[in-house]
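Structural features, examined
Given next are the chains, with one letter for each unit.
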Amino acid sequence: MRECFPFLNKCHYKYRWGVLGFCIWLVLGAFYCFDIPTSLHNTLQTHFSDIMTAEAFELYYGGLYSLYSFANIFLPFISGKIRDQKGDRIVLILMVVLVMIGQLIFVYGVHLKSFMIMYLGRIISGWGIESVVPTQTSFISPYFKDDYLGFAVGLNEFFATLGSILTMYLCPKLALEYGLLVAVSSGIFFNSFSLICGIITVILDKHAEKHLLDQVNYDQVKYSVLRSSENRSPRQSGANKKLGINNDKDNNNDQNIQGNIIEVDENQLINQNGVDGQIISQPDVIQAVEMFPKIFWFVSWCYALIYSSVLGFINISVGLLSERWFGVTEESEIEAGFVVSIMWFITGLFTPLFGSYTDKYGQRSLLLVFASLLCTFSHLMIWYVFPFLSLILLGTSLALAFASAWTGIVFLVRPDTLGKAYALVIAVYNFTFTLVPLAVGALRAYYGTYFYSQIMLSILGAIAFILSIFIYQLDKNQENILDGNGQYAISATSLEKNFPNENAHLKED
């Protein structure tokens, strides 16, 4: 029996906003756990002060994020492959469970004062955290790809940042009043709530799928989307010109064939879907690398540099702000955490707004240019200007990057390869993020100050700016492919638009 339907359009499901209403809570618990080490930096340092020096702690502390990122260069390919073969639902639940298991191990490691056990917990929970966001994006894209994709993905980011805000605000207070173990254990509670919302989301999605499959012939939907995508492919068009093929003639033939699409050869469908309907014709990772367009790789690296630059700062934010502005005390964690939460609030608030803008006006490549510029100058400002304004600009930078680059990936690849595509994006930014915390920690240990760390993070933003210029030019040359005008835009349209012969996709009585 078929297990997933990546080409099924769910934009006409009447309860789609209800699905989104539960789905957006899945990332809250994940990102609450992600930022726990950052929010408790000074408290953890005091906790380990009897067994290591402050310099040694900084290096081990950096490993909490570097090993997290290094493991996630590879692990998301597993969840991406599961997603492409089994569907989004199973991956969503599995990843939330992994976050919970990893957090339990992390708490145990803190109790034993063992960084090795803490590392293990971070790797397991990191797999869940890094996979739940792209799976959530691919899960909701069939519901909103026609109209409100940017806004819907922006809401997901808002609730992810809400988790980070809660961490920065609650964890220092819990540690001060009830102790370190209570503070790090609080992530388990939030993940339990996310798991409940995930189960409800899965139930609603099954209902939507059943409702839509009762009305359409899925094999014909998939066949038409793939056929139309191939016909609209820029590579295919270029090849046709080189071979002297008359495209007008091909279009006439396609129109003649369209009316008879219901008579697709069953053997071809079996080859595509397998005897039991499971998709087996998906490209492997190497084939996916070859088929993804050049702009996909530029967007991936640009997003990775901005993301790593911002997250690289967040990892040291409490330590840096304490050193530069508030003083190194346990009470300063609360003040620094509050200031950093402003950045997350700005990111969460602006991402849906920028997402709505891209839904209506496009211009994702231009927004990516602005994102990289803000990222570059914000890092320089933080050291010289009281960080309130700088963090607002940094939060705006991350919101712009997410609303433009992250949502644009959906329009660059086939729906049945979206899991692999996002796995590659995650691998790229985790590769950079593996190196950034180590470099930041090494610079801090060598110079005794975070100033040079901020210079390095600003340089990452400058490199992202250079890449964004190339992306802007490529996007304009390909008629705004990042805004859904490319070869796979056909999968973003409604079923009625997919089929000029409006009844071709409907099941026969």
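Residues numbered from 1 in each chain as written. Predicted model: local features only at pLDDT ≥ 70, side-chain atom pairs only at ≥ 80, totals over all residues. Heavy atoms only, no water.

**A closer look at the overall build of the chain**
If you tally the helices and strands in the chain, you get 22 helices and zero strands. Relative to its full complement of 509 residues, the chain shows a buried share of 60%. Intrachain contacts of the chain at a sequence separation of at least 6 include 84% that bridge at least 24 residues. When the accessible surface of the chain is summed, it comes to about 20300 Å², and 64% of that surface belongs to carbon and sulfur atoms. (Helix = DSSP H or I, 4+ residues; strand = E, 2+ residues; numbered from the N terminus. Buried < 20%, exposed > 50% of the residue type's maximum accessible area, 1.4 Å probe, protein only. Contact = heavy atoms within 4.5 Å. Areas by Shrake-Rupley, 256 points an atom, 1.4 Å probe, with all protein chains shown as cover.)

**Remarks on the pattern of salt bridges**
Per the stated rule, a full pass over the model turns up six salt bridges. The salt bridge partner of Asp147 is Arg16, with a shortest N-O separation of 3.1 Å. Of this pair, Asp147 sits in the loop between α8 (115-144) and α9 (149-178) while Arg16 is found in helix α1 (residues 16-23), placing the two residues 131 residues apart along the sequence. With a closest N to O distance of 2.7 Å, Arg89 and Asp205 form a salt bridge. Of this pair, Arg89 sits in helix α7 (residues 88-112) while Asp205 sits in helix α10 (residues 180-213), placing them 116 residues apart in sequence. The buried category is assigned to Arg89, whose relative accessible area is 16%. Here the residues in one salt-bridge network are Arg89, Asp205 and Glu209, joined through shared partners. (Salt bridge = Lys/Arg side-chain N within 4 Å of Asp/Glu carboxyl O.)

**Quick word on the side chain of Thr432**
By the secondary structure assignment, Thr432 is in helix α20 (residues 418-447). What makes Thr432 buried here is its relative accessible area of 10%. Setting aside residues no more than four positions away along its own chain, Thr432 makes contact with Trp301, Ala304 and Ser308.

**Observations regarding the packing of helix α5 (residues 54-71) against α8**
What describes two packed helices is the angle between their axes and the distance between those same axes. At their nearest, the axes of α5 and α8 sit 8 Å apart, and the two run at 35 degrees to each other. Between α5 and α8 lies a crossing whose hand is right-handed. Contacts between α5 and α8 pair Phe57, Tyr60, Tyr61, Gly63, Leu64, Tyr65, Leu67, Tyr68 and Ala71 from the former with Phe115, Met116, Met118, Tyr119, Arg122, Ile123, Gly126, Ile129 and Glu130 from the latter. (Axes fitted to C-alpha atoms, helices over the stretch in contact; angles between N-to-C directions. Left-handed = near helix turned anticlockwise from the far one by under 90°.)

**As for the state of the cysteines**
This model, assessed by the stated rule, comprises zero disulfides. Here Cys197 is not cross-linked by a disulfide; its sulfur's nearest cysteine counterpart is in Cys23, at 9.7 Å. In this structure Cys302 is not part of a disulfide, and its nearest cysteine sulfur, from Cys375, lies 9.3 Å away. Under the relative-accessibility criterion, Cys302 is labelled buried at 0%. (Disulfide = S-S within 2.5 Å.)

**Quick word on unusual backbone geometry**
A positive phi angle is found at Gln363, which is not glycine, with a value near 60 degrees. Summarising the element assignment, Gln363 is placed in the loop between α17 (330-361) and α18 (364-384). The phi dihedral of Asn480 falls on the positive side, at around 60 degrees, and the residue is not glycine. By the secondary structure assignment, Asn480 is in the loop between α21 (451-477) and α22 (495-498).

**Section: the confidence of the model for the chain**
Taken residue by residue, the chain gives an average pLDDT of 79. The fraction at 70 or more is 78%. Here residues 232-282 scores under 50 on pLDDT; set against residues more than four positions off or in separate chains, the count is 74 contacts. Confidence drops under a pLDDT of 50 for residues 487-509, and excluding neighbours within four residues, the segment shows 63 contacts in the predicted structure. (pLDDT = per-residue confidence, 0-100.)

**Examining the packing of aromatic side chains**
When we look at a pair of aromatic rings, we describe it by the centre distance and by the angle of the planes. Tallying each qualifying case throughout the model produces 40 aromatic pairs. Relative to Tyr143, the ring of Phe139 has its centre 6.1 Å away and its plane inclined at 45 degrees; by these criteria the two rings are tilted. In this pair, Phe139 and Tyr143 are both assigned in helix α8, four residues apart and thus about one turn of the helix distant. By relative accessible area, which is 2% here, Phe139 ends up buried. Here the guanidinium or amino end of Arg324 rests over the ring plane of Trp325, the centre of that ring lying 5.0 Å away. Between Arg444 and the ring centre of Tyr450, over which it is positioned, the NZ or CZ distance is 4.9 Å. (Phe/Tyr/Trp six-rings, centres within 6.5 Å; stacked < 30°, edge-to-face > 60°. Lys NZ or Arg CZ within 6 Å of the ring centre and 35° of its normal.)

**Thoughts on the packing of α1 against α8**
At a minimum axis distance of 10 Å, the contact between α1 and α8 shows a crossing angle of 165 degrees. Between α1 and α8, the interaxial angle falls into the category roughly antiparallel. Relative to α8, the crossing made by α1 is left-handed. Residues Arg16, Trp17, Val19, Leu20 and Cys23 of α1 touch α8, and the partners they reach there are Gln136, Phe139, Ile140, Tyr143 and Phe144. Grouping the amino acids of the contact of α1 with α8 by side-chain chemistry returns eight nonpolar, one polar and one charged. (Parallel < 35°, antiparallel > 145°, perpendicular 65-115°, else oblique. Nonpolar A, V, L, I, M, F, W, Y, C, P; charged D, E, K, R; others polar.)

**Looking at the environment of Trp17**
On the secondary structure map, Trp17 appears in helix α1. Each C-alpha atom of the pair Trp17 and Phe144 lies 9.3 Å from the other, and the pair is 127 residues apart in sequence.

**With respect to a nonpolar patch on the surface**
A surface patch of nonpolar side chains, amounting to about 420 Å² of accessible area, comprises Tyr384, Val385, Phe386 and Phe388. Position of Tyr384 relative to the elements: it lies in helix α18. (Patch = residues over 30% accessible without salt bridge, like charges linked within 9 Å, V, L, I, M, F, W, Y side chains within 5 Å.)

**Structural notes on the environment of Thr167**
With respect to the helices and strands, Thr167 occurs in helix α9. With 131 residues separating them in the primary sequence, Thr167 and Ile36 have C-alpha atoms 6.1 Å apart. Look past the residues within four positions of Thr167 in its chain and what remains in contact with it is Phe31, Tyr32, Asp35, Ile36, Ser39 and Pro172.

**Observations regarding α8**
Its 30 residues place the ends of α8 43 Å apart at the C-alpha level, agreeing with the 44 Å of an ideal helix rising 1.5 Å per residue. Where burial is concerned, most of α8 is hidden: 25 out of the 30 residues are buried. (Expected span 1.5 Å × (residues − 1).)

**With respect to α9**
For α9, with 30 residues, the first-to-last C-alpha span of 42 Å sits near the 44 Å given by 1.5 Å per residue. At Leu170, α9 shows its strongest bend, of approximately 30 degrees, with the proline Pro172 following within four residues. Looking one or two places after α9, you find Gly179, whose phi comes out positive at around 110 degrees. (Bend = angle between axes of the 7 residues up to and from the residue.)

**Considerations on the environment of Asp88**
Mapped onto the fold, Asp88 is located in helix α7. Sequence separation between Asp88 and Ile140 is 52 residues; the distance between their C-alpha atoms is 9.5 Å. What Asp88 contacts, discounting residues up to four positions off in sequence, is Arg83, Thr135, Ser138 and Phe139.

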